[in-house]
Amino acid sequence: GGGMGGSAFSSPVFARIHGMDQLLVQTRLELAGVSPESGKPLWRQPVKAFRGMNILTPIVYENGFFTSTYGGRTSLFQSVSDSEGIDVKLAWDNKLQGYMSTPVVVDGHAYIHLRNTRFACVKLATGEITWTTSERFGKYMSLVVQGDKILALDQKGALFLFRANPAKFEQLDKRKIADDETWAHLAVAGHELFVRELNAITAYEWR
């Protein structure tokens, strides 16, 4: 409880939309843009989720906002600026349900780990689901992207290498890198990977 619309697990994101600085915030009840200077909402948009479980962090895409909710839907909200401020409306939504894992965007497509532990690719311009895997993965995955490659670390200590391909799912490699659970987000710095295991932090060199 507390906070603006109730506290959620989602992290705030800094964005500059229509020349205006704002913090993109997903609460238990809504998605909102907040002024960094005053703390007042610039716009608010209701976002439905099961018991307010908005967990993943929304993504800024062009002048829109991409998000997905547990027990809800996957949506893109488009913003329009006028003399009265910023107006945000639903551009599209589809049946996919995200959970904890924040998606990544490559070349106009979002790659998202779902509540049902499958992976999916969504075309952001239209909301078209270009593919969904039949294979299931862990309950959680932290994703980082470089070029057309996606590194994904699940909570069981498995590190995956995927290709960002909107036409089909491509898994390039998989390594077991931790015996303990790995719920923290994978960190990348240059050629090093840092993994927060349950009882340790481990550094790996990428060669």
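The present account deals with the structure reproduced in this document. (Residues numbered from 1 in each chain as written. Predicted model: local features only at pLDDT ≥ 70, side-chain atom pairs only at ≥ 80, totals over all residues. Heavy atoms only, no water.)

1. Considering the sheet that holds strand β7 (residues 74-82)
Spatial strand order, β5-β6-β7-β8: 4 strands in an open sheet with antiparallel pairing. Looking at strand neighbours, the two that pair on one side only are β5 (59-61) and β8 (85-94), the edges of this open sheet. Averaged over all adjacent pairs, the angle separating strand axes in this sheet is 25 degrees, with direction ignored. For β7 and β8, the ladder comprises 9 bridges, and the chain directions are antiparallel. By the bridge assignment, Thr74 is partnered in β8 with Asn94. (Pairing = 2+ DSSP bridges. Helix = DSSP H or I, 4+ residues; strand = E, 2+ residues; numbered from the N terminus. Axes fitted to C-alpha atoms, helices over the stretch in contact; angles between N-to-C directions.)

2. Here's the deal with the nonpolar core
Ranked by internal contacts, the top residues of the largest apolar core, which has 15 residues, are Tyr111, Phe119, Met141, Leu143, Ile150, Phe160 and Phe162. Counting residues per element, the ones that place at least two in this core are β9 (104-106), β11 (119-123), β13 (141-146), β14 (149-154) and β15 (158-163). For this core, the element with the most residues is β15, which contributes 3 residues. Listed in part, the 13 residues of the second largest apolar core include Ile59, Phe66, Leu76 and Leu96. (Core = buried A, V, L, I, M, F, W, Y, C linked by side-chain atoms within 4.5 Å. Buried < 20%, exposed > 50% of the residue type's maximum accessible area, 1.4 Å probe, protein only.)

3. With respect to the environment of Asn94
You can see Asn94 is positioned in strand β8. C-alpha separation for the pair Asn94 and Glu128, spaced 34 residues apart in sequence, amounts to 7.9 Å. The contact partners of Asn94, leaving out residues within four places of it in the chain, are Arg73, Thr74, Val122, Gly127 and Ile129. (Contact = heavy atoms within 4.5 Å.)

4. What to know about the packing of aromatic side chains
By the definition in use, this model includes 14 aromatic pairs. For the ring pair Phe119 and Phe137, a centre distance of 5.6 Å and an interplane angle of 90 degrees mean the geometry is edge-to-face. Linking Phe119 in strand β11 with Phe137 in the loop between β12 (129-132) and β13, this pair joins segments that are 18 residues apart in sequence. A relative accessible area of 2% places Phe119 in the buried class. Between Phe119 and Phe162 the ring centres are 5.1 Å apart and the planes differ by 70 degrees, which places this aromatic pair in the edge-to-face class. Separated by 43 residues along the polypeptide, Phe119 in strand β11 and Phe162 in strand β15 bring together distant segments of the chain. Note on accessibility: Phe119 and Phe162 belong to one class, buried. Aromatic ring contacts, followed pair by pair, group Tyr111, Phe119, Trp131, Phe137, Phe160, Phe162 and Phe169 into a single cluster. A cation over an aromatic ring shows up here: Arg115 above the ring of Tyr70, its NZ or CZ 4.1 Å from the ring centre. (Phe/Tyr/Trp six-rings, centres within 6.5 Å; stacked < 30°, edge-to-face > 60°. Lys NZ or Arg CZ within 6 Å of the ring centre and 35° of its normal.)

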